[in-house]
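Architecture and fold: a report
Residues per chain are reported as follows:
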Amino acid sequence: MSDLLNWVTDTLNATALSDLVMNNAVVFPTLEMAHFLGLCLLFGSLLVVDLRVVGFAKAIPIERVDMFIRFAIIGFSINLISGLLFVVGDSDRYLVNIAFWLKMGVIIIAGLNTLYFVRRIKPQMDAGVESSHLQHGAHVVAWLSLVLWTSVIILGRFFPYVE
């Protein structure tokens, strides 16, 4: 496995994109700002959606939560692009970091949780079902979303400490 990892890091490090990310004084800090902005959009929007699903923020009509879902998608997209550029730019740092791999695993689980939400819970919300009448699993899905995305943030902060 280490030969494969070495080959991947060597290949990524040899790209012009890696050179641009790591050797340009503006690119890496800009990516960090974009990643933080994406995180704010993603987590802030999910906070509104998930708390509304569990019954908080009842002043927001449940069918109006769609707007926040769109912002979460935009935030996730920003984070996906900036995160991929981080990995390409500094693969030696990320691909050998256990916190990175744990974060990727949690993101996959959060994605599966989101898929369940979109397939099972959101159609009920679109039909105008009030949060107290959503199927019982809706509350579990919402709390799990909050826990998983909080874990993603915490694991991301661990990167420098577990190198």
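Only a predicted model underlies this, so the values are computations on that prediction, with no experimental measurement involved.

Glancing now at helix H4 (residues 66-89). For H4, spanning 24 residues, the distance from its first C-alpha to its last is 35 Å, which sits close to the expected 34 Å at 1.5 Å a residue. Looking only at H4, the buried set comprises Phe-68, Ile-69, Ala-72, Gly-75, Asn-79, Ser-82, Gly-83, Phe-86, Val-87, Val-88 and Gly-89. Taken together, the buried residues of H4 touch helix H1 (2-13), helix H2 (16-23), helix H3 (27-54), helix H5 (91-94) and helix H6 (98-126).

Our focus in this paragraph is H3. If you check H3, its first and last C-alpha atoms are 40 Å apart, about what 28 residues at 1.5 Å a residue would give, namely 40 Å. Gly-55 occupies a position one or two residues after H3 and carries a positive phi of about 115 degrees.

So, about the packing of H4 against H6. Where H4 meets H6, the axes come as close as 13 Å, and the angle between the chain directions of the two elements is 160 degrees. If you check the angle between H4 and H6, you find them roughly antiparallel. Seen along the crossing, H4 lies across H6 with a hand that is left-handed. Counting all contacts with H4, which are made through Asp-66, Ile-69, Phe-76 and Val-87, the residues of H6 involved are Phe-100, Ile-107, Phe-117, Lys-122 and Asp-126. Looking at the contact of H4 with H6, its residues break down into six nonpolar, no polar and three charged.

Feature annotation in UniProt assigns "transmembrane region" (unreviewed entry) to the following positions: residues 33-55, 67-88, 94-118 and 138-159. The annotated region residues 33-55 carries 96% helix and 0% strand content, and the separation between its end C-alpha atoms amounts to 33 Å. The distance from the first to the last C-alpha atom of residues 94-118 is 31 Å, and the span holds 88% helix and 0% strand.

The N-to-C vectors of H2 and H4 enclose an angle of 95 degrees; their axes lie 8 Å apart at closest approach. The angle between the axes of H2 and H4 places the two elements in the roughly perpendicular class. Only Leu-85, Val-88 and Gly-89 of H4 make contact with H2, whose side of the interface consists of Leu-17, Ser-18, Val-21 and Met-22. Tallied by class, the residues present in the contact of H2 with H4 amount to five nonpolar, two polar and no charged.

The rules behind these values
All residue numbers here refer to positions counted from 1 along the written sequence of the relevant chain. The predicted nature of this model means local features are confined to residues of pLDDT at least 70 and side-chain atom pairs, given and counted, to a pLDDT of 80 or more, with totals for whole chains, interfaces and linings taken over all residues. To get the side-chain values, all heavy atoms of the structure are used, and hydrogens and water are removed first. Strands here mean DSSP runs of E at least two residues long; helices mean DSSP runs of H or I at least four residues long; both are numbered from the N terminus. The span you would expect from a helix comes to 1.5 Å times its residue count less one. Accessibility here uses a 1.4 Å probe with only protein chains present; expressed as a share of the type maximum, an area under 20% marks a residue as buried, one over 50% as exposed, and anything in between as partly exposed. Whether two residues are in contact is decided by their heavy atoms, any of which lying within 4.5 Å being enough. Every angle, taken between N-to-C directions, lies between 0 and 180 degrees, and every axis is a line fitted to C-alpha atoms, over only the stretch in contact when it is a helix. Any angle that is under 35 degrees is reported as roughly parallel, and any over 145 degrees as roughly antiparallel; angles of 65 to 115 degrees are reported as roughly perpendicular and all others as oblique. Rotating anticlockwise by less than a right angle from the far helix to the near helix defines a left-handed crossing, while the corresponding clockwise rotation defines a right-handed one. Nonpolar residues are Ala, Val, Leu, Ile, Met, Phe, Trp, Tyr, Cys and Pro. Charged residues are Asp, Glu, Lys and Arg, and all others, Gly as well, are polar. UniProt positions are given in the numbering used here, feature names are shortened, and annotations may be inferred rather than shown by experiment.

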